[in-house]
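Report on the structure
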Amino acid sequence: MPETFAPAVPPTPPVPLSALLAREDLALRQIAGPSDPDIVIHWAHTSEMADPYPYLLGGELLLTAGVHIPEGPGPARDHFDAYVTRIVAAGGAALGFGLAPVHDAVPGALVAACEAHALPLLEVPPQTTFSGVARAVWQLMAQARLAELRRVTEAQQSLAAAASRPDPVPSVLRQLAQRLSGHAVLHGPDGTEIAAAGREPAEGVREALAGLAEVVRPTGRPAAGTEHAPKGSAGPPDPSHPDSASGSPVSPPGPPDSPAAPAAPAAPGSPGSPNSPVSHGSPGAPNALSTPSAPVAPVARASTVSRSTPAPASASDTLGGTHLAAYALGAEGGFVLGVASTRREPGDHTIASVAAVLLSLLTGEHHSGAGAARSSALVRLLLGAAPEAVAPLLGEGRWVVVHARPEGQPPDAVAASALGAALGSPLVDLDRDVVRVLVPGEREPCPQPGWTLGVSAAAGPPEWPAADTQAARALARARATRTALVRHGARPGLEDLVPPADAEAHARALLAPLTDRAALADTLRTWLSLHGSWDRTAVALEVHRNTVRQRIARCAALLDADLDDPDVRMELWFALRQR
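Residues numbered from 1 in each chain as written. Predicted model: local features only at pLDDT ≥ 70, side-chain atom pairs only at ≥ 80, totals over all residues. Heavy atoms only, no water.

A look at the overall build of the protein chain
Looking only at helices and strands, the protein chain features 16 helices and 18 strands. Considering the protein chain as a whole, with its 579 residues, one finds that 47% of them fall into the buried category. Sequence-distant contacts in the protein chain: of pairs separated by 6 or more residues, those separated by 24 or more amount to 71%. For the protein chain, the computed accessible surface area is about 26900 Å², with 56% contributed by carbon and sulfur atoms. (Helix = DSSP H or I, 4+ residues; strand = E, 2+ residues; numbered from the N terminus. Buried < 20%, exposed > 50% of the residue type's maximum accessible area, 1.4 Å probe, protein only. Contact = heavy atoms within 4.5 Å. Areas by Shrake-Rupley, 256 points an atom, 1.4 Å probe, with all protein chains shown as cover.)

See below:
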């Protein structure tokens, strides 16, 4: 018997055979073969050839009226056995036998042959035309395609909305796990689990996902404590897997991720075996804007993490009844998205690819070469270079400093990186509960959902420390006034009319009693900036309102001044601005 091969499937979702049988207008009846609900068909084809093998691509519902059947019970029995064998060998999904005008009933030998070779056999009544059956197949395909596109579109919108939240990475993982009814995890460059969401996976799934992540991790980034990749050999994508082909920016477009008819079983550990991870695609983020690509040549896997060939963009595997997939986030970052689900539907790969692209943007370098420039700048600073000498490595022009605090939970490294990407700068520092971002001056920081921002005036490298102080004060004012963003005032002021040296001398003399009392000076400045509000000053300084009252009273006593007098307040404000 010829070897069974995997069918080539069209760029449309498959149709469950049970859905076709449920069409009352067709009145089809299955009289032989398995009634597995997972049996699907990809198209309908009519042929009266005695040997249809050369004319089938696989996955068809083959329709025939039996014109090719020879006369006599003996020849017919041998003919049907060979006929069904050839259909199965070609990858045919089912056989439909039409009653009238040639035969009044389905031959018993054909029923026996289909039963013996596990090929579903349908009886097509006289009133149902083959064209009507084919039309019904395409109608069901169109409905399935529409449902898939609607599902993918809704998932894209929800994932994009999740990426704009204050905690974008956990939000994207939660949304992805919900859409796929499974488990989603983000692995860092060192192999550690950074964040996870969704249902608790079965035993061994976390370890299997971590091993699959090593298959797609860029060369030279082994996981912490991992010296060997998972066992097994990489093979071509399994056509029975709905998402076996993974898209990549350089792969040609192919059919969407739809289940195909099952291929011949492979030996364990051999290419295509369910027990071996399947890797495919080129390095880089998957292409979520197109349908998954056609299978590419298998990527050889070495016994260790180091490879002589580039890592694939994605890989898939199975563990028991759980489907596993891993997606490399960018070509060099080392982050990997892992997905585990117990059921697979058309569109799952596309949805996961959208999430992979968003996570690539949230975790990857914002500009090409930015990492090398930052490393060079850091090394030069550590070796004693002045900030103004290092600044050209980061870009020309003036910069603004942004201080930010999220609403609710403390910030983490991933959320800080996402904020930097939203503000248009990779220069991010997570300083306890405040995120500091150095943004090019030509970019105007705008409010960010879930964050409170304080923005300094544009400044050159020598003035960056002063700009940092401005941003901190602007953030304190923003939090006190419950404003999403407050900018440091850059308008010309009264101090512009006084020579700087004279202004600083006057400030030192006036504020001399507060010289060694930084907490009192900061409290007085904040209190004056908030028009004497005890409650808002307490919020800005994160102290009790009674503490504010005590400090202001102490300032009044040390300065020997009436702080209710607007002239005194103005003079003190002028002096405090020189600090």
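From this point on, the discussion continues.
Focus on the pattern of salt bridges
Side-chain pairing between opposite charges can occur once the charged atoms of the two side chains come close. All chains considered together, the criterion is met by 21 salt bridges. Where Arg 436 meets Asp 429, a salt bridge forms, and the shortest distance between an N and an O atom there is 2.9 Å. With relative accessibility at 30%, the residue Asp 429 sits in the partly exposed group. Among the ionic pairs, Asp 468 bridges to Arg 436, the shortest N-O distance being 3.2 Å. Within this pair, whereas Asp 468 is found in helix 11 (residues 464-480), its partner Arg 436 is found in strand 16 (residues 434-440), the two being separated by 32 residues in sequence. A residue is classified by how much of its surface remains accessible, and Arg 436, at 28% relative accessible area, is partly exposed. (Salt bridge = Lys/Arg side-chain N within 4 Å of Asp/Glu carboxyl O.)

Quick word on the sheet that holds strand 14 (residues 399-406)
Taken together, five strands build an open sheet; the order of strands is 15-16-14-17-18 and the sheet is mixed. In the strand order of this sheet, the two ends are held by strand 15 (428-431) and strand 18 (485-487), each with one partner. Averaged over neighbouring strand pairs, the angle between their axes works out to 20° when direction is ignored. Pairing of strand 14 with strand 17 (residues 451-455) involves five bridges; the strand directions are antiparallel. (Pairing = 2+ DSSP bridges. Axes fitted to C-alpha atoms, helices over the stretch in contact; angles between N-to-C directions.)

Regarding the layout of surface pockets
The computed volume of the largest pocket comes to approximately 1300 Å³. Around the largest pocket, the lining comprises 39 residues; the ones closest to its centre are Thr 469, Gln 470, Ala 472, Arg 473 and Ala 474. Looking at the lining of the largest pocket, the elements that each hand over two or more residues are strand 14, strand 16, helix 11, strand 18, helix 13 (518-529) and helix 14 (534-541). If one sorts the elements of the lining of the largest pocket by residue count, helix 11 sits on top with 11 residues. Broken down by class, the residue content of the lining of the largest pocket amounts to 15 nonpolar, eight polar and 16 charged. (1 Å grid on protein atoms, 1.4 Å probe; cavity = no way out; pocket = protein on both sides within 12 Å on 5 of 7 lines; lining within 4 Å. Points joined across faces, edges and corners; volume = space filled by probe spheres on them. Nonpolar A, V, L, I, M, F, W, Y, C, P; charged D, E, K, R; others polar.)

Looking at the confidence of the model for the protein chain
Note: predicted coordinates in regions of low pLDDT should not be interpreted at a detailed level. Predicted confidence across the protein chain gives a mean pLDDT of 78, with 77% of residues reaching 70 or more. Segment residues 281-307: pLDDT under 50, and 97 contacts once partners within four positions in sequence are set aside and those in other chains are kept. This model gives residues 365-369 a pLDDT under 50, and the stretch forms 10 contacts once residues within four places in sequence are excluded. (pLDDT = per-residue confidence, 0-100.)

Let's talk about the packing of helix 13 against helix 14
Between helix 13 and helix 14, the least distance of the axes is 9 Å, while the angle of their chain directions is 130°. The pairing of helix 13 with helix 14 is recorded here as oblique in orientation. Between helix 13 and helix 14 the crossing geometry is right-handed. Of helix 14, the residues touching helix 13 (which contributes Thr 523, Thr 526 and Trp 527) are Trp 534, Thr 537, Ala 540 and Leu 541. Of the residues in the contact of helix 13 with helix 14, the class split is four nonpolar, three polar and no charged. (Parallel < 35°, antiparallel > 145°, perpendicular 65-115°, else oblique. Left-handed = near helix turned anticlockwise from the far one by under 90°.)

Some remarks on the sheet that holds strand 4 (residues 43-46)
Taken together, the five strands give an open sheet; going across it, the order is 2-7-6-5-4, and neighbouring strands pair in mixed fashion. Either end of the sheet is taken by a strand with one partner, and the two such strands are strand 2 (29-32) and strand 4. Across the sheet, the axes of successive neighbouring strands diverge by a mean angle of 30°, strand direction being ignored. Strand direction decides the pairing type here: strand 5 (residues 60-64) and strand 6 (residues 94-98), joined by four bridges, are parallel. In the sheet register, Leu 63 faces strand 6, and the bridge partner there is Gly 96. Strands in contact with helix 3 (residues 108-116) are strand 2, strand 6 and strand 7 (121-124); relative to strand 2, the strand with the most contacts, it is inclined by about 80°. On top of the sheet, helix 4 (residues 130-163) reaches strand 4, strand 5, strand 6 and strand 7; it is set at about 165° to strand 4, its chief contact.

A word on helix 16 (residues 566-576)
Burial in helix 16 covers these residues: Val 568, Leu 572, Phe 574, Ala 575 and Leu 576. Those residues of helix 16 hidden inside the fold are in contact with helix 12 (500-510), helix 13 and helix 15 (545-559). Its side-chain oxygen placed 2.9 Å from the backbone nitrogen of Asp 567, Asp 565 serves as the N-cap of helix 16. (Polar contact = N/O pair within 3.5 Å; in protein donor to acceptor, adjacent residues only side chain to side chain.)

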